[in-house]
Amino acid sequence: MRGRWAQGLEPRGFTWVIKDRLAASERPGGFARNHRKVRRQEELIWLAGNGFTHVLSLLESPHNLHAYDEADLAYEHLPLGRRDEWGAHLPVIYSTLKSWLDDPDERVLIHHEEFGERLLGVLAGYLLYAGAVHDGSHAIVLIEKLTGRQLGAPGREIVAATIDEGLTDAGVPAT
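This structure is a prediction, so every number in the text was calculated from the model and none was measured.

Right, let's get into the pattern of salt bridges. A complete count under the given rule lists ten salt bridges for this structure. The salt bridge involving Arg 12 is made with Glu 26; its shortest N-O contact spans 4.0 Å. Highlighted residues: Arg 12 in the segment before strand E1 (15–18) and Glu 26 in strand E2 (residues 22–26), separated in sequence by 14 residues. Between Glu 113 and Arg 27 there is a salt bridge, with the nearest N and O atoms lying 3.3 Å from each other. Placement of the pair is Glu 113 in the loop between strand E5 (108–112) and helix H4 (117–129) and Arg 27 in the loop between E2 and helix H1 (37–49), with a sequence separation of 86 residues. The same class applies to Glu 113 and to Arg 27, which are both buried. Several salt bridges share partner residues, and in doing so they unite Arg 12, Glu 26, Arg 39 and Glu 43 into one network.

Here we come to helix H3 (residues 86–101). Taking 1.5 Å as the rise per residue, H3 with 16 residues should run 22 Å; its terminal C-alpha atoms sit 22 Å apart, in good agreement. Here H3 has its buried residues at Trp 86, Leu 90, Ile 93, Tyr 94, Thr 96, Leu 97, Trp 100 and Leu 101. Axial view of H3: buried residues confined to an arc of 160°, hence all on one face.

What follows concerns unusual backbone geometry. Backbone phi values are negative for most residues with the exception of glycine, while trans is the configuration of most peptide bonds. Phi at Asp 20 is positive, roughly 60°, even though this residue is not glycine. Overall, Asp 20 belongs to the partly exposed group, its relative accessible area being 35%. Positive phi is not limited to glycine here, since Asp 72 has a value of about 60°. With respect to the helices and strands, Asp 72 occurs in the loop between helix H2 (65–70) and strand E4 (74–77). Judged by its relative accessible area of 70%, Asp 72 is exposed.

The rules we used
Residue numbers restart at each chain and count upward from 1, following the sequence in its written direction. Local features in this predicted model are restricted to residues of pLDDT 70 or higher, and side-chain atom pairs are both shown and tallied only at a pLDDT of 80 or more, whereas totals for entire chains, interfaces and linings draw on every residue. As a rule here, side-chain values cover all heavy atoms of the structure and leave hydrogens and water aside. Salt bridges are defined by distance alone: a side-chain nitrogen of Lys or Arg within 4 Å of a carboxyl oxygen of Asp or Glu. Each helix is a run of DSSP H or I of at least 4 residues and each strand a run of E of at least 2, with the numbering of both proceeding from the N terminus. Each residue gets one of three labels from its accessible area relative to the maximum for its type: buried under 20%, exposed over 50%, partly exposed in between, using a 1.4 Å probe on protein chains only. Expected span of a helix, by definition, is 1.5 Å for each gap between consecutive residues, and there is one gap fewer than residues. The reported arc concerns the directions from the helix axis to the C-beta atoms and nothing else.

In structure tokens form, the structure reads like this:
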């Protein structure tokens, strides 16, 4: 392949959360009925070509995992789950991201089915966890500015769960 198509296709909703380190998008290939295998392949080519070293899938199902193997992209599948599971799941999600991002050579993409509330809530929660911000409202405003989307109730509930579970930067009280 030559030209533009050889470079692949940027995933839909692609946004840097931490410039050149942590990005987010909808599931490569699109979500649910809109999912297309050819688009998924193009997006995985783009991710590999742009130096992504890990993909973190928050999907409930193992969709796409075989495609990461085929594209030789390292990945982890950590379903976000239901509200009553967040206390167990969020610490694992956040610590996995942090362990990867502690290595300056890592470039990570995190995705959920859609580029929506639940994904944005996890991102805001991660900013609290990593100590990039020190209160929930700041995390919410920052994610809204980065993504150009308002964080509604489902995303705010994830931020609240992050705070309620004490998953914030050690020693810094979150509000």
